[in-house]
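Analysis of the macromolecular model
Here are the chains, one letter per residue:
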Amino acid sequence: DTGVSQNPRHKITKRGQNVTFRCDPISEHNRLYWYRQTLGQGPEFLTYFQNEAQLEKSRLLSDRFSAERPKGSFSTLEIQRTEQGDSAMYLCASSSSGANVLTFGAGSRLTVL
Amino acid sequence: AQSVTQLDSQVPVFEEAPVELRCNYSSSVSVYLFWYVQYPNQGLQLLLKYLSGSTLVKGINGFEAEFNKSQTSFHLRKPSVHISDTAEYFCAVSDQVGAQKLVFGQGTRLTINP
């Protein structure tokens, strides 16, 4: 098992462009989480899935953000019409149901110019 | 609503010295507490967790933490640090045993000087 994989690791884009990040969780984990970490801050919860169902979304997830996990395996996080305030590290994590430990990926760093 | 305060944004210590990283939380319900470490260009790694039972929790790399309900604290300690402990440390709280939604503190950067 290679752990939680995130791609791309770095993305530089211009304001107004759309970006998409992908997360491949640990294969036997049915829960998948997205967090955002801005410079000098701790991670902030964005959303989480159990299998393909999106069970909770943070108020931080504006209508420009959408996350999917169509087959209950990998997940994508899309940001439309990016703004400079979207610049952050986007972290993905996964776990098994009932487990109390999240395994995090290395993150995808977004820079919006 | 839950919140976590890490009282020190940076902690410099000399190698082989003891260290304590402070964490206070607020929650109106049962809490489950975690410490994560983030090395440069790596994902967060779990150091230790408190779910129930003994208030003194031992984790990896020689770290331990003590849950103090009356002081709403969960400070992280190590009796003797190494250069390799240089990293960012995050305290986190959840009100769900499945840890579906962690609330993190702002982090403490631990710098070990030779």
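Residues numbered from 1 in each chain as written. Chains lettered and ligands numbered in written order. Predicted model: local features only at pLDDT ≥ 70, side-chain atom pairs only at ≥ 80, totals over all residues. Heavy atoms only, no water.

1. A look at the overall build of chain B
The helix and strand tally for chain B stands at 0 helices and 12 strands. For chain B, the α and β elements follow one another from N to C terminus as β-β-β-β-β-β-β-β-β-β-β-β. Taken against the 2.2 N^0.38 rule, which gives 13 Å for 114 residues, the C-alpha radius of gyration of chain B at 13 Å falls within 12% of a compact globule. Overall, chain B is about 45 × 30 × 20 Å in size when its C-alpha atoms are taken along their principal axes. Relative to its full complement of 114 residues, chain B shows a buried share of 46%. As displayed, chain B has an accessible area near 5,400 Å², and 49% of this comes from carbon and sulfur atoms. Side chains of chain B give 8 positive and 9 negative charges; the mean places of these two sets differ by 7 Å. (Helix = DSSP H or I, 4+ residues; strand = E, 2+ residues; numbered from the N terminus. Rg over C-alpha atoms; globule rule 2.2 N^0.38 Å. Buried < 20%, exposed > 50% of the residue type's maximum accessible area, 1.4 Å probe, protein only. Areas by Shrake-Rupley, 256 points an atom, 1.4 Å probe, with all protein chains shown as cover. Lys, Arg positive; Asp, Glu negative; His and termini not counted. Charge placed at Lys NZ, Arg CZ, Asp CG, Glu CD.)

2. Quick notes on the interface of chain A and chain B
Contacts between the two partners involve 20 residues from chain A, matched on the other side by 20 residues from chain B. When the two sides are added together, the surface that chain A and chain B hide from each other amounts to roughly 1,600 Å², 54% of it contributed by carbon and sulfur. In this structure, the connection of chain A to chain B is made through 1 salt bridge. Note that K101 of chain B is salt-bridged to E56 of chain A, the shortest N-O span being 3.2 Å. At the junction of chain A and chain B, the tally comes to 4 residue pairs in polar contact (both at pLDDT 80 or more). For the side of chain A that touches chain B, the secondary structure elements donating two or more residues are β4 (31-37) and β5 (44-50) of chain A. Residues of the side of chain A that touches chain B, tallied by class, amount to 11 nonpolar, 6 polar and 3 charged. (Contact = heavy atoms within 4.5 Å. Buried area = accessible area lost by both parts, 1.4 Å probe. Salt bridge = Lys/Arg side-chain N within 4 Å of Asp/Glu carboxyl O. Polar contact = N/O pair within 3.5 Å; in protein donor to acceptor, adjacent residues only side chain to side chain. Nonpolar A, V, L, I, M, F, W, Y, C, P; charged D, E, K, R; others polar.)

3. Structural notes on the pattern of salt bridges
Tallied over the entire structure, the rule returns 10 salt bridges over all chains. Residues E88 of chain B and R109 of chain B are paired through a salt bridge, measuring 2.9 Å at the closest nitrogen-oxygen approach. With a gap of 21 residues between them, E88 of chain B in strand β10 (residues 87-94) and R109 of chain B in strand β12 (residues 108-113) connect regions that are remote in the sequence. Judged by its relative accessible area of 43%, R109 of chain B falls in the partly exposed class. Look at the salt bridges and you will find they share partners, linking R64, E83 and D86 of chain A into a network.

4. Focus: the side chain of D86 of chain A
By secondary structure assignment, the location of D86 of chain A is in the loop between β8 (75-79) and β9 (88-95). Beyond its immediate chain neighbours, meaning those up to four positions away, D86 of chain A contacts R64, F65, I79, L110 and V112 of chain A.

5. Structural notes on the sheet that holds β8 of chain A
Within a sheet, neighbouring strands are paired by backbone hydrogen bonds and run either parallel or antiparallel to one another. Residue and element names in this part refer to chain A. Reading across the sheet, the 4 strands line up as β1-β3-β8-β7 and stay open at both edges, with antiparallel pairing between neighbours. Of all strands in the sheet, those bounded by a partner on one side alone are β1 (5-7) and β7 (65-68). Put simply, the sheet's adjacent strands are angled 15 degrees from each other on average, direction ignored. Looking at chain direction, β7 and β8 are connected through 4 bridges and run antiparallel. (Pairing = 2+ DSSP bridges. Axes fitted to C-alpha atoms, helices over the stretch in contact; angles between N-to-C directions.)

6. Here we look at the nonpolar core
Counting 28 residues, the largest nonpolar core has W35, L48, F74, L76 and Y89 of chain B as its most contacted members. With 19 residues, the next largest nonpolar core counts V4, V19, Y90 and C92 of chain A among its residues. (Core = buried A, V, L, I, M, F, W, Y, C linked by side-chain atoms within 4.5 Å.)

This is a description of form; function is not addressed.
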